[in-house]
Amino acid sequence: MTTQQLLILIAVLIVLVLAVVGILVAVRKHRSQGDSARPDSAVKLNDSGSSLSQESATAVAKDQAKDQSDASLAASSDDRAVQSASRGSGVAPNSDASTDSTGSAGSEASRQSSSADQEAPSAQEELAHPEASASRMTRLKARLAKSPNPFGKALFAILTKDHLSESDWEDVEDTLLMADVGAEASEQLVKQLRDDARITGQKDPAAVRRGLRQRLIDLVDPNMDRTLAAARPQANRPSVIIMVGVNGTGKTTTAGKLARLFVADGKSVVMGAADTFRAAAADQLETWGGKVGVPVVRSDRDGADPASVAFEAAERAKNDQADVLIVDTAGRLQNKANLMDQLGKIRRVIEKNLPVDEVLLVLDATTGQNGMIQAKVFAQAIGVTGIVLTKLDGSAKGGIVISVQRELGVPVKLVGLGEGPDDLAVFDPESFVDGILGDE
């Protein structure tokens, strides 16, 4: 073979090699395009950031079994599935088909979800579990016993003296007045104690304590019905509660804590942020609701008509078939006439949808007799059915429980004894008296 023939042979071989390489590259490129046109186990996300549904995952598995000639059809089918998912919920449902041939596709789809979708389930997992109502008063009673100088302890210290002088009885009355029991109730209790032979003629401190305890329980009046309307067997559903009170008493916070109390008892709750005058009120209520999964109906602007918010909240609670609707109202009101007009309007618009079962007046126990003036104004403006006393552990003014009930003729139904989210409990007269008397 000549040199010229050898060169021709080499050239032909080079051309053949290049042709084979070109064919292989073309085939690989074609396969790659086909694979990208059809969705695989790593399911694509739609424009809204949600993963495909179970139907889409099944389509993916079937598409993978098709040959390369169906690549364009699979791509078209995938586009339609994505558009369908976009119109649906923002969060992909969990697939029950994890054990069949589509399981791997559905599982991979969940793992490939966007960060927005991952936040939704994690938020549900982080929902708080409020303390059950049964254990709250026991804990709060112990806290009340440790509060600064409960007036029961002061009374007990005086009554256990060997001989009670007239000056001692004056000290008893002064202690009651300083504790905001009220003049009339203080005078009545002193008279009962002086006439009670079990106390005046008794040397045993335990017997004196038992007699004092019973007199205080009688004064608090255990016969009042303190059951929340929503907790009664024949309660309306939804049972509507309107929260009223001046700003600074802890009204909005109490609304949030009350929602937690109902959630702890297994009830579904909706809250309405009808305090549209205080800019932070709706945000505050929404924060409380978010922690326990309670929806909050609010306006998108400050200063909106509170009655319209209350109406929408009633609509939402009715449509959701919630057990309880809690409506927070404004406390910064210029005068009594303004108060009556606004609260009356809120109540009227709610009653177009649902009956109002409860109006809870929130009072700060540390304000003492000054809070009584506020209580009377609200009682006249809207029918108050119960009292919530907040900050009861903040001072020795526990006697306001007695005076506010006597003045308004309605019971104290709830008490707050701290800043914790579950520091709100249904009021129990005996536990309250035991708390202010302290340990035996």
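Residues numbered from 1 in each chain as written. Predicted model: local features only at pLDDT ≥ 70, side-chain atom pairs only at ≥ 80, totals over all residues. Heavy atoms only, no water.

With that settled, consider the overall build of the protein chain. Scanning the protein chain from terminus to terminus reveals 18 helices and eight strands. Relative to its 440 residues, the protein chain shows a buried fraction of 44%. Restricting to contacts in the protein chain with at least 6 residues of sequence separation, those with at least 24 account for 78%. A total accessible area of about 22,000 Å² is found for the protein chain, and carbon and sulfur atoms account for 51% of it. (Helix = DSSP H or I, 4+ residues; strand = E, 2+ residues; numbered from the N terminus. Buried < 20%, exposed > 50% of the residue type's maximum accessible area, 1.4 Å probe, protein only. Contact = heavy atoms within 4.5 Å. Areas by Shrake-Rupley, 256 points an atom, 1.4 Å probe, with all protein chains shown as cover.)

Under the definition given, this model contains one aromatic pair. Both rings, one in Phe 427 and one in Phe 432, keep their centres 5.3 Å apart while their planes meet at 55 degrees; by these two values the pair is tilted. For Phe 427, a relative accessible area of 4% translates into the label buried. Given a relative accessible area of 1%, Phe 432 falls into the buried group. The lysine or arginine in question, Lys 291, covers the ring of Trp 288, its NZ or CZ lying 5.5 Å from the ring centre. (Phe/Tyr/Trp six-rings, centres within 6.5 Å; stacked < 30°, edge-to-face > 60°. Lys NZ or Arg CZ within 6 Å of the ring centre and 35° of its normal.)

Let us now look at the pairing of strand β7 (residues 412-416). The element β7 is extensively covered by neighbouring structure, given that five of its five residues are classed as buried. Pairing between strand β6 (residues 386-390) and β7: three bridges, direction parallel. Its bridge partner being in β7, Ile 387 is matched across the sheet by Val 412. Summarising the sheet, β7 and strand β8 (residues 424-426) pair through three bridges and their orientation is antiparallel. In the sheet register, Val 415 faces β8, and the bridge partner there is Ala 425. (Pairing = 2+ DSSP bridges.)

This part is about the packing of helix α11 (residues 205-220) against helix α18 (residues 429-437). To describe two helices that pack against each other, one gives the angle between their axes and the distance between the axes. Two elements in contact, α11 and α18, have axes separated by 9 Å at closest approach and are oriented at 135 degrees. Judged on the interaxial angle alone, α18 and α11 are oblique. The handedness of the crossing between α11 and α18 is right-handed. When α11 is examined against α18, the residues Arg 209, Leu 212, Arg 213, Leu 216, Ile 217 and Val 220 are found in contact with a partner set consisting of Pro 429, Glu 430, Phe 432, Val 433, Asp 434, Ile 436 and Leu 437. For the contact of α11 with α18, the per-class residue count stands at nine nonpolar, no polar and four charged. (Axes fitted to C-alpha atoms, helices over the stretch in contact; angles between N-to-C directions. Parallel < 35°, antiparallel > 145°, perpendicular 65-115°, else oblique. Left-handed = near helix turned anticlockwise from the far one by under 90°. Nonpolar A, V, L, I, M, F, W, Y, C, P; charged D, E, K, R; others polar.)

A word on the nonpolar core. Membership of the largest hydrophobic core comes to 67 residues, with the highest contact counts inside it found for Val 172, Leu 216, Ile 350, Leu 361, Ile 387 and Leu 389. For this core, the element with the highest residue contribution is α11, accounting for six residues. In this view, Leu 216 contacts Phe 151, Leu 155, Leu 189, Val 433, Ile 436 and Leu 437; residues no more than four positions away in its chain are not counted. By size, the runner-up hydrophobic cluster in this structure holds 24 residues, among which are Leu 228, Ile 241, Val 296 and Leu 414. (Core = buried A, V, L, I, M, F, W, Y, C linked by side-chain atoms within 4.5 Å.)

This brings us to the UniProt feature "domain: SRP54-type proteins GTP-binding" (unreviewed entry) in the protein chain. The UniProt record annotates "domain: SRP54-type proteins GTP-binding" (unreviewed entry) at residues 411-424. The distance from the first to the last C-alpha atom of residues 411-424 is 16 Å, and the span holds 0% helix and 43% strand. (UniProt positions renumbered as here; feature names shortened; annotations may be inferred.)

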